[in-house]
Amino acid sequence: RSVSRRLACGDVEGRLEALFGRVRAIQSKSGRFDMLLCVGNFFGSTSEVEWAEYRAGAKKAPIPTYVLGANDQDTVSYFPDISGCELAENITYLGRRGLYSGASGLQIAYLSGTESLDEPAPAYSFSTKDVAELKTSLLSTPSFKGVDILLTSPWPRDVGSFANSAGEIDTKKCGSKLVSDLAASLKPRYHFAALEKAYYERLPYRNHTVLQETPQHVSRFIALADVGNTSKKKYLYAFSIVPMSMMDPAELVKQPQDVTENPYRKLQKEAQKRKAPLRVEEEPACQFFFDLNKHQGKKRHSDGKEGGNSQPKQAKKPPQPTGPCWFCLASPEVEKHLVVSIGTHCYLALAKGGLLPDHVLILPIGHYQSVVDLSSEVVEEVTKYKSALKEFFRSKGKRYVLFERNYRSQHLQLQVIPVPLDHCTPEDIKESFITQAQEQEIELLEIPEHSDITQVAQPGTPYFYVELDTGEKLFHRIRGRFPLHFGRSVLASEALLALPHRADWRRCAAERAEEAVQARAFRRDFQPFDFALRA
């Protein structure tokens, strides 16, 4: 197999002697490299003297060197041909945008300059049109899987989502959204960038949606610092790579253990929404698990009457608990002063030691261990409670987060916790859960919006899952130990509700009289939304 040995470098800023001296030292120690790829500012304000010797041929780069174009007006004059040219012996300017295919079969996509909103963009910038044309030219090739390497000068916006920290760089504000869009589409195995005078090697990220698409290769983003920086930040990166076209497909798609969610998913979703003719989040057909009151169809009503012509099914009797259960409504152990609504198959109760005063539980009246075990009548009523709670919390400027831990628990408890609409977007909530899961080596995967938990978990399977009131869901199959307070801890963290001192319910328990007052207040406020009172 053709293994290529490459070097990538950050902003050179005209320090050619320092760069090539370092390359020579590396080659004498580690053997020959095939190519040096430079991103960021190759030339700087003091380049002229050193550059003159290379341009005249008095000095020569020790390795074939490929560079990106200007990032400001001051250095445009160093690049005589905008479409790419040899600048000096062994030093080649790749061009404004395109694909470079080496003799080894390695495919290198490149985009010169910084993002511009103007059309046409200045000579040192790229525009939406440039990115669209580059994407189209590559994505239209038959069976396009991705590129081996992507070279850009700016960082992609949001590259730090779901990832290890980028230090002092705020990846939500830094970099280019167009570069994110390009990286999301081209799926590079390596993506190099610079300009921020920082070194950041992001954890590898997925290029496919788990449980929805077949596995694809992962991408690695590496930002490099400037040559000869005094802080000794890494500016030169050595790596070996076999061209994608020559790899065994199974080996290519192997997922490393530290792989993360794709950081550009949020930006892609936003772009899709802008293109979509409908506001999809408000389209009831998209809500597989919600709004049954509006869309009963042939679903069975709780009173046993049919929406269609089929015969009513006999309700399945729930299994009996093996011992005393704190949550079976008929049990003497139930703290009935916390109950705020009772339906036919389910009830609603304030959580004991709740994270917030309006933290509630949806519970089946009969004894069921998890959502996966529920009969269709109970599922239907759980869904009605979710719809009612969504409406209730939205009327108060909040959205709910629901989670279930089917592990070391014997009676299903759906924990429903409201968070402020203006403070916590669905993406913020998902990012907090996924990031904190990764920190604890928990693989939390997004499951398709229109699918249901019973499609990914069998009865008896321990699992943890999170559901937002938009219908988005995250799922973890528990295979060993699992932190009992995980869901609550994430919501209590600084990133969301900023109540870390309330992460453990035992520290939050109130006096019975106080609990009863809170339950009465919730019951009163929830009354207009409580379908059980209208049944």
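Residues numbered from 1 in each chain as written. Predicted model: local features only at pLDDT ≥ 70, side-chain atom pairs only at ≥ 80, totals over all residues. Heavy atoms only, no water.

**Student:** So what about the pattern of salt bridges? Which residues, and what values?
**Tutor:** Considering all chains together, one arrives at 31 salt bridges under this definition. The partner of glutamate 261 in a salt bridge is arginine 206, with the nearest N and O atoms 3.7 Å apart. In this pair, glutamate 261 is assigned in the loop between helix H5 (249-252) and helix H6 (265-275) and arginine 206 in the loop between strand S12 (200-201) and strand S13 (220-223), connecting sequence segments 55 residues apart. In this structure glutamate 261 comes out as buried when scored by relative accessible area, which is 8%. Here lysine 396 ties to aspartate 525 by a salt bridge, and the two come within 3.7 Å at their closest N and O atoms. Residue lysine 396 is found in the loop between helix H7 (376-395) and strand S18 (398-406), and its partner aspartate 525 is found in helix H10 (residues 512-526); the two are separated by 129 residues along the sequence. Residue classification places aspartate 525 among the partly exposed positions, given a relative accessible area of 31%. (Salt bridge = Lys/Arg side-chain N within 4 Å of Asp/Glu carboxyl O. Helix = DSSP H or I, 4+ residues; strand = E, 2+ residues; numbered from the N terminus. Buried < 20%, exposed > 50% of the residue type's maximum accessible area, 1.4 Å probe, protein only.)

**Student:** Can you tell me about the sheet that holds strand S19 (residues 414-420), naming the residues and giving the values?
**Tutor:** Strand order across the open sheet formed by eight strands is S15-S16-S17-S19-S18-S21-S22-S20, with antiparallel pairing between neighbours. Each edge of the open sheet carries a strand with a single partner, namely strand S15 (339-342) and strand S20 (445-447). Geometrically, the sheet is characterised by an average inter-axis angle of 25 degrees between neighbouring strands, direction not taken into account. Two elements, S18 and S19, share six bridges in a ladder whose sense is antiparallel. If you follow leucine 402 over to S19, its bridge partner there is valine 416. (Pairing = 2+ DSSP bridges. Axes fitted to C-alpha atoms, helices over the stretch in contact; angles between N-to-C directions.)

**Student:** If you had to explain empty space enclosed by the protein to someone new, which residues and values would you point to?
**Tutor:** A water-sized probe rolled over the atoms picks out the places where empty space is left. Overall, the coordinates contain two cavities of 30 Å³ or more when judged by the stated rule. Estimates place the volume of the largest cavity at around 50 Å³. Lining the largest cavity, in full, are Asp158, Ser161, Phe162, Pro263, Lys266, Glu427 and Glu431. Here the lining of the largest cavity is composed, by residue class, of two nonpolar, one polar and four charged. Roughly 30 Å³ of volume is contained in the second largest cavity. (1 Å grid on protein atoms, 1.4 Å probe; cavity = no way out; pocket = protein on both sides within 12 Å on 5 of 7 lines; lining within 4 Å. Points joined across faces, edges and corners; volume = space filled by probe spheres on them. Nonpolar A, V, L, I, M, F, W, Y, C, P; charged D, E, K, R; others polar.)

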